[in-house]
Amino acid sequence: MNVTSVDFSMDTVPLRQSSTASIGRIKPELYKQKSVDSEDEGKQPVETCGKLSFSLQYDYEEQALVVRILKALDLPAKDFTGTSDPYVKIYLLPERKKKFQTRVHRKNLNPVFDESFCFPVVYDELCNRKLHFSVYDFDRFTSHDMIGEVVVDNLFELSDLSREAVVWKDIHAATTESIDLGEIMYSLCYLPTAGRMTLTVIKCRNLKAMDITGSSDPYVKVYLICDGRRLKKRKTTIKKSTLNPVYNEAIIFDIPPENVEQVSLSIMVMDYDRVGHNEVIGVCRTGPDAEGLGRDHWNEMLAYPRKPITHWHALGEWPGRAASFESQGSCSSPKRPLTP
């Protein structure tokens, strides 16, 4: 199914009308040169939520960057008991396949981790790499809550890494990881008379590179979810060695009108790996229980039946837990069965 990939923009530029009284009047503020200080004044202060201590050292024999996560201080309480169960995920960007994670420390707002991790990397490449720490609160029954993050843009900030250098950084508050994972464009169209929903995966752009070659082999996997259960799965073809794949592929689910408010779609952009496991690049969700644009896109589809509704969606980080999608089954007491 070929679909024209048109990026519609709803942004409008307001017209500024000037009165005749202002004609010929010199406004010195228009000619004032911006300084670095004036640019910084417009920025909102970043909220912090504790501190993270870690050390960096380069192992020349193993040709690896050794990162030792030491401890965290003054973490916020995320649980109703007034505490948290923190752990830390760490990436050496731009690669995302090599990810490490500390142990979970139960009921501790000042955890001592003292765990070391090795990232194989040539020393001369360190100047082009960044470290990304994500601090999470573990939750046994729901998705893990993100506490905040630390990004180290300059690995040589304190030393040449020939010796272990201890670093303290503020943890910046965040609910989702700020790493740009890329975007996906897809359209939704629902035919109430036929009870059929069509999701057309159009294209992706600026996907995160997952391979050491600086590219990815992306494909899109879509789950039909009902009451936390994964009912059906569909996927597109694989596009080799690209971060801006074009698909124009339709995925169809049969959903009776009486069940349309019970279901949602989980959309995962994957990186195909011939040797190892396929890795998740990023995810998004659409449905009545989704957030933000995911919910709005769904509602717009229902408001305009038989019309394809197209939007770009930013990809989010996959928390690594698929517990809510592991059990398969049918929707609870549906009036009609949901068929593929």
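In what follows, the structure referred to is the one given above.
Keep in mind the model is a prediction, meaning the values are calculated, not measured.

Calculation criteria
- Residues numbered from 1 in each chain as written.
- Predicted model: local features only at pLDDT ≥ 70, side-chain atom pairs only at ≥ 80, totals over all residues.
- Heavy atoms only, no water.
- Pairing = 2+ DSSP bridges.
- Helix = DSSP H or I, 4+ residues; strand = E, 2+ residues; numbered from the N terminus.
- Axes fitted to C-alpha atoms, helices over the stretch in contact; angles between N-to-C directions.
- Buried < 20%, exposed > 50% of the residue type's maximum accessible area, 1.4 Å probe, protein only.
- Salt bridge = Lys/Arg side-chain N within 4 Å of Asp/Glu carboxyl O.
- Core = buried A, V, L, I, M, F, W, Y, C linked by side-chain atoms within 4.5 Å.
- Contact = heavy atoms within 4.5 Å.
- Polar contact = N/O pair within 3.5 Å; in protein donor to acceptor, adjacent residues only side chain to side chain.
- Patch = residues over 30% accessible without salt bridge, like charges linked within 9 Å, V, L, I, M, F, W, Y side chains within 5 Å.
- Areas by Shrake-Rupley, 256 points an atom, 1.4 Å probe, with all protein chains shown as cover.

1. Describing the sheet that holds strand E12 (residues 229–235)
Strand order in the open sheet formed by four strands is E12-E11-E14-E15, and the pairing between neighbours is antiparallel. Two strands bound the open sheet, and with one partner strand each, they are E12 and strand E15 (279–286). Along the sheet, successive strands turn relative to each other by an average axial angle of 25°, direction set aside. Here nine bridges tie strand E11 (residues 218–226) to strand E14 (residues 263–271), and the two strands are oriented antiparallel to one another. The residue of E14 that forms the bridge with Pro-218 is Asp-271.

2. Here we look at unusual backbone geometry
Generally, phi is negative for residues other than glycine and the peptide bonds are trans, each holding for most cases. Here the phi dihedral of Gln-63 falls at roughly 50°; this positive angle occurs in a residue that is not glycine. Phi angles above zero are rare outside glycine, and Asn-206 is one such case at about 55°. With respect to the helices and strands, Asn-206 occurs in the loop between strand E10 (196–205) and E11. Accessibility expressed as a relative area gives 48% for Asn-206, which makes it partly exposed.

3. Re the sheet that holds strand E8 (residues 165–173)
The eight strands lie next to each other as E4-E3-E6-E7-E8-E1-E2-E5, forming an open sheet whose pairing is antiparallel. Of all the strands in the sheet, just strand E4 (99–101) and strand E5 (112–120) have a single pairing partner and so form its edges. Shown here is a sheet whose adjacent strand axes are inclined to one another by a mean of 25°, direction ignored. Summarising the sheet, strand E1 (residues 48–59) and E8 pair through seven bridges and their orientation is antiparallel. In the sheet register, Phe-54 faces E8, and the bridge partner there is Val-167.

4. Points about the pattern of salt bridges
Under the counting rule described, the total for this entry stands at eleven salt bridges. The closest approach of N and O atoms between Glu-115 and Arg-103, which form a salt bridge, is 3.8 Å. Taken together, the positions of Glu-115 in strand E5 and Arg-103 in the loop between E4 and E5 put the pair twelve residues apart, joining distant regions of the chain. The exposure class assigned to Glu-115 is buried, which follows from its relative accessible area of 10%. The salt bridge involving Arg-285 is made with Asp-289; its shortest N-O contact spans 3.3 Å. Owing to a relative accessible area of 27%, Arg-285 belongs among the partly exposed residues under this scheme. Overlapping salt bridges bring together Arg-68, Asp-114 and Glu-164 as one network.

5. Digging into the nonpolar core
In this structure, Ile-184 and Leu-265 are the most contacted members of the largest nonpolar core, which totals 30 residues. Elements represented by at least two residues in this core include exactly strand E9 (183–191), E10, E11, strand E13 (246–254), E14, E15 and helix H2 (293–303). If near-sequence neighbours (up to four positions away) are discounted, Ile-184 is found in contact with Val-201, Lys-203, Cys-204, Val-220, Ile-267, Val-269, Cys-284, His-311, Trp-312, His-313 and Leu-315. One finds Val-88, Phe-100, Val-135 and Ile-147 within the second-largest nonpolar core, a separate group that totals 29 residues.

6. Looking at the side chain of Ser-264
Among the secondary structure elements, Ser-264 is positioned in strand E14. Look at Ser-264 and you get buried, because its relative accessible area is 2%. For Ser-264, the side chain forms a polar contact with the side chain of Arg-285, separated by 2.9 Å. Setting aside its immediate chain neighbours within four residues, Ser-264 contacts Tyr-223, Leu-224, Ile-225, Arg-285, Thr-286, Gly-287, Asp-289 and Trp-298.

7. Side note on a nonpolar patch on the surface
Taken together, the side chains of Leu-73, Val-166 and Trp-168 make up a nonpolar region of the molecular surface, amounting to roughly 250 Å² of accessible area. Among the structural elements, Trp-168 can be located in strand E8.

8. Regarding the side chain of Asp-85
Structurally, Asp-85 is set in the loop between strand E2 (64–73) and strand E3 (86–93). At 2.7 Å, the side chain of Asp-85 and the backbone nitrogen of Lys-107 are in polar contact. Those residues in contact with Asp-85, other than ones at most four positions away along the chain, are Asp-79, Val-104, His-105, Arg-106, Lys-107, Tyr-136, Asp-137 and Phe-138.

It is worth stressing that arrangement in space is one thing and function is another; only the former is reported here.
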